[in-house]
Amino acid sequence: MNGIIEINNLHRRYGETVALRGISLRIKKGEMFGFVGPDGAGKTTTIRIMCGLLNPGEGTVRLFDEDILEKRNVIQKRIGYLSQKFSLYGDLTVDENIEFFAEIHNVTDYKRRRDELLEFTRLKPFRKRLAEKLSGGMKQKLALACSLIHKPEILFLDEPTTGVDPVSRRDFWKILADLIKEKITIVMATPYLDEAERCSRVAMFNNGEIITCDTPDNIKKSIGLMSLEIVCKPIKVAYELLSSEINNDIQLFGDRINVLVKSQGETDSILRILNSGNVEVVDRRLTEPSIENVFMNLIKHRKLNG
Amino acid sequence: MKGNGFATVIHFIIKEFQQLKRDPKMLAIVLAAPVLQTIILGYAATFDVNNVDFYLLDRDKSSVSRKYVEKIINSGYFTIKGNTENYEEIENAIMNGKAVIGLIIPREFEKDIENNNGTKVQIIVDGSDGNKGSIAFGYIQAITAAYAKTILLDKIERNGIRVPLKSVNAETRIWYNPELKTRVFMVPGITALLLMIVTTLLTSLAIVKEKEFGTLEQLIVTPIKPWQMLLGKILPFTTLGLIMILLVNSVMIFWFGIPIKGSLLFFFFASLLFILSTLGIGLFISTVSRTQQQAMMVTVFGAMMPMIYLSGFVFPIENMSRIIQYVTYIIPLKYFITIIRGVILKGIGIADLWQETLILALMGALILFLAAKRFHKRLE
């Protein structure tokens, strides 16, 4: 079976700047698919092309087995899009915003659906409030409600939780989890690597390319490394010592150091180095690497390999 | 589906009105400002020269010189601001703007006239305001010539020569604006100007506002089509424009007593065509600008200023240099002002104004087409 989204060798440039250098991707129905990577890696460009906001440079983009260039209007009836910026009418109320987006999608019988969505996003008490008077998290939920009013089959979210407080972020994720239960396909770009862990599959973007694409678990396993977490002091000395002695990925987090290691043997040698430098190791443990660890590691290797 | 297509336009229009309703102050400004401006400008925008201030230095102080000054004052155009003995005071008065004209009557004024020697009066005119100065100068020359004529006739009569003196006499009839009041000529132009300013400015902000707020991006992802959005933007502003025409022209008719002599239907039709061109310009600006501020600047300097200066509203086009005259051909306001001055003041209609009307219609269509095309590109 074909994926609900099929991207083949997609290129795109903005004038001289190359934004995408050949992306291929297949997303299946019902997936919660995450795009991660630094700013300017091509996540937003890819999403905007899939939504028909930008034309592809080279390559093909097909949604529901239709080409986005040929059937943009048909496709746009079946997708929802939530951009980075809060982009609703601030001078319309919550109700009016949803109503407007329902009507321009030709959804005439929207009242029940609207109530459902307001319930779902817990915006019901605020339905008469002007959108501009809502808090950041509520605005984002309203935008989500607007993009869901026509029951899209694919929902594109471009960094929806950027700048939203942690509580609202958690709420937002609960809503997304419910949507996935309804078999909606979600494609989401996020700068938060912890959010990537919640996706069924993740594509890591870097410099206009996808450097890896798999389930979070497989991605973590793919590099064949473990994360060694060491709590020690003085931490600064330890960090400098390790940076000069070994070639592994080292990250400093407050009172602990994270080192990616291959084997128990490496762990031992690291501890020996620390001992020789008069660093007191308080605690240590070996864990699965985080998505972040993997990401840093992959980027580093790509740089080394040219 | 055609039916559905228009339903979307209507929903879009409803949204536009909901937004207008949310900003009642803005709406009030949009509707009240032109009315107030018409009233104020109706009184302000006049080139009539009345009450020219002048300083007098009468060195003769004779009955003849007094009679001459009386003639000048009784003409109604001049107000005496100072009567001085000192030439320098006249210089100062003109320099300080206390007087536009300085009138110096020489010694022996009466005597020279009596003795048939001929005499001269000196008139100093402040030429810094060229228009006012030359008109005032014209008045004073006419008064002086008339006075000279009576003196001449007097003398002839006193000498008993009863020759009927006859020369050329111009019998003037002034049509359309018999009192030659500039207000009658200006107010229709002002209404056109205000209509242009408000409609262009509002529409120039219309699309760029959605761009700035990011709602445009959201709209592009929906199945709404560009023409539906454009219509959805144009129709509310056209309505607003028509309401403005009604208000502003009511002021003209009922406040200033300048009736529309020609066909009302044609008047509205021409106004509608004109609004289409200003809306087109506004929309076009809106599609090329990135921010509301940009759109505002482009509207003011790129559209409004040239329209005001090159439409014949302020400066007669015939007096402009040839190249500038060619430029005026692309100014829609020029045609509209010709049309409404014709309809309002002369009562002429489409039979005489079909050319201007046609050009206005074509311009409106062209600009709207360009705006739509440009807008279409933006969607890609």
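The structure presented is a predicted model; accordingly, all values stated were derived computationally and were not measured.

1. Side note on the overall build of chain A
Of regular secondary structure, chain A possesses eleven helices and 14 strands. For chain A, the spread of C-alpha atoms along the three principal axes comes to 75 × 45 × 35 Å. Here chain A holds 306 residues, and 43% of them are scored as buried. Long-range contacts, defined here as pairs at least 24 residues apart, represent 71% of the contacts in chain A between residues at least 6 apart.

2. A closer look at the overall build of chain B
A tally of helices and strands in chain B yields 14 helices and four strands. Computed over its C-alpha atoms, the radius of gyration of chain B comes to 29 Å, more than 25% above the 21 Å expected for a compact globule of 380 residues. Principal axes of the C-alpha set define a box for chain B whose edges measure 100 × 45 × 40 Å. Within chain B, buried positions represent 37% of all 380 residues. Counting contacts in chain B only where the partners sit at least 6 residues apart, residues at least 24 apart contribute 78% of the total.

3. Side note on the interface of chain B and chain A
Taken together, the contacts link 20 residues of chain B with 22 residues of chain A. Residue assignment for the side of chain B that touches chain A shows that the elements contributing at least two residues are helix H1 (2-22) and helix H8 (215-220) of chain B. The leading source of residues in the side of chain B that touches chain A is H1 of chain B, at eight residues. Across the side of chain B that touches chain A, the residue classes break down as six nonpolar, nine polar and five charged.

4. Here we look at the domain arrangement of chain A
The domain architecture assigned to chain A consists of domain 1 (5-213) and domain 2 (224-288). In this structure, domain 1 of chain A and domain 2 of chain A have C-alpha centres spaced 40 Å apart.

5. What about the sheet that holds strand E9 (residues 201-206) of chain A?
Residues and elements named next belong to chain A. The strand order across the open sheet built from six strands is E6-E7-E8-E3-E9-E10, with neighbouring strands paired in mixed fashion. Bordering the open sheet on either side are strand E6 (79-82) and strand E10 (209-214), each of which pairs with just one other strand. Across this sheet, the average inter-strand angle for adjacent strands is 15°, counted without regard to direction. Relative to strand E7 (residues 154-158), E6 is paired through four bridges, and the arrangement is parallel. In the strand pairing of E7, isoleucine 79 is matched with isoleucine 154.

6. Structural notes on helix H6 (residues 130-158) of chain B
Since one α-helical turn is 3.6 residues long, residues separated by three or four positions face the same way. Given a rise of 1.5 Å per residue, 29 residues ought to cover 42 Å, and the 42 Å separating the end C-alpha atoms of H6 of chain B matches this to within 8%. In the segment just after H6 of chain B, glycine 160 of chain B is the residue with positive phi, at about 75°.

7. Concerning the confidence of the model for chain A
Across chain A, the average pLDDT comes to 87, with 99% of residues at or above 70. Considering each helix and strand of chain A separately, the mean pLDDT is smallest for helix H11 (residues 291-304) of chain A, with a value of 80, and largest for strand E8 (residues 185-189) of chain A, with 94.

8. Quick notes on the sheet that holds strand E3 (residues 101-105) of chain B
Residue and element names in this part refer to chain B. Within the open sheet, the four strands sit side by side as E2-E1-E3-E4. Their pairing is mixed. What marks the edges here is a single partner per strand, and that holds for strand E2 (78-84) and strand E4 (122-125). Strand after strand, the sheet turns through a mean of 25° between neighbouring axes, direction not considered. Summarising the sheet, E3 and E4 pair through four bridges and their orientation is antiparallel. Each bridged residue has a counterpart across the sheet, and for isoleucine 104 the counterpart in E4 is glutamine 122.

9. Description of the packing of helix H7 (residues 182-213) of chain B against helix H10 (residues 264-288) of chain B
Residue and element names in this part refer to chain B. Remark: H7 packs on H10, axes separated minimally by 7 Å, with the N-to-C direction vectors making an angle of 35°. As H7 runs across H10, the sense of the crossing is right-handed. Between H7, through Leu195, Met196, Thr199, Thr200, Leu201, Leu202, Thr203, Ser204, Leu205, Ala206, Ile207 and Val208, and H10, the contact on the second element is made entirely by Ile275, Thr278, Leu279, Ile281, Gly282, Leu283, Ile285, Ser286 and Thr287. The residue makeup of the contact of H7 with H10, split by class, is 13 nonpolar, eight polar and no charged.

10. Points about helix H10 (residues 264-276) of chain A
For H10 of chain A, which comprises 13 residues, the first-to-last C-alpha distance of 19 Å matches the rise-based estimate of 18 Å (1.5 Å per residue) to within 8%. Asparagine 278 of chain A sits one or two residues past H10 of chain A and shows a positive phi near 60°.

11. Some points on the pairing of strand E1 (residues 5-14) of chain A
Residue and element names in this part refer to chain A. When E1 meets strand E4 (residues 58-63), the two strands line up antiparallel, connected through five bridges. Paired with asparagine 8 across the strands is threonine 60, a residue of E4. Relative to strand E2 (residues 17-27), E1 runs antiparallel, the two being bridged by eight bridges. Bridging from a neighbouring strand, arginine 13 pairs with valine 18 of E2.

12. Concerning the nonpolar core
Among the nonpolar cores identified, the biggest contains 143 residues, and Ala145 and Phe156 of chain A together with Phe336 of chain B are the most heavily contacted of them. In terms of residue count, H7 of chain B provides more of this core than any other element does, 17 residues in total. Setting aside anything within four residues of it in sequence, one finds phenylalanine 156 of chain A in contact with Ile47, Met50, Cys51, Ile79, Gly80, Tyr81, Leu82 and Val187 of chain A.

13. Some remarks on unusual backbone geometry
All names here are of chain A. At the junction of lysine 233 and proline 234, the peptide bond is cis and its omega measures out at -5° in the coordinates. Among the secondary structure elements, proline 234 is positioned in the loop between strand E11 (226-233) and helix H9 (235-245). One non-glycine residue, lysine 151, lies in the positive phi region at around 50°. Structurally, the position occupied by lysine 151 is in the loop between helix H5 (136-148) and E7.

14. Some points on the environment of alanine 143 of chain A
Within the secondary structure, alanine 143 of chain A sits in helix H5. On a C-alpha basis, the gap between alanine 143 of chain A and leucine 88 of chain A in space is 6.6 Å, while along the polypeptide they are 55 residues apart.

15. Some points on the packing of H7 of chain B against helix H11 (residues 292-310) of chain B
All names here are of chain B. Contact geometry for H7 and H11: axes closest at 9 Å, N-to-C directions at 155°. Viewed along their axes, H7 and H11 adopt a mutual orientation that is roughly antiparallel. The element H7 and its partner H11 pack so that their crossing is right-handed. Here Leu193, Met196, Ile197, Thr200, Leu201, Ser204, Leu205, Val208, Lys209 and Glu212 of H7 lie close against H11, whose contacting residues are Gln292, Ala295, Thr299, Ala303, Met304, Met307 and Ile308. Here the contact of H7 with H11 is composed, by residue class, of eleven nonpolar, four polar and two charged.

Analysis parameters
Residues numbered from 1 in each chain as written. Chains lettered and ligands numbered in written order. Predicted model: local features only at pLDDT ≥ 70, side-chain atom pairs only at ≥ 80, totals over all residues. Helix = DSSP H or I, 4+ residues; strand = E, 2+ residues; numbered from the N terminus. Buried ≥ 20, exposed ≤ 12 C-beta atoms within 10 Å, placed from the backbone. Contact = placed C-beta atoms within 7 Å. Rg over C-alpha atoms; globule rule 2.2 N^0.38 Å. Nonpolar A, V, L, I, M, F, W, Y, C, P; charged D, E, K, R; others polar. Domains from an automatic or database assignment. Pairing = 2+ DSSP bridges. Axes fitted to C-alpha atoms, helices over the stretch in contact; angles between N-to-C directions. Expected span 1.5 Å × (residues − 1). pLDDT = per-residue confidence, 0-100. Left-handed = near helix turned anticlockwise from the far one by under 90°. Core = buried A, V, L, I, M, F, W, Y, C linked by C-beta atoms within 7 Å. Parallel < 35°, antiparallel > 145°, perpendicular 65-115°, else oblique.

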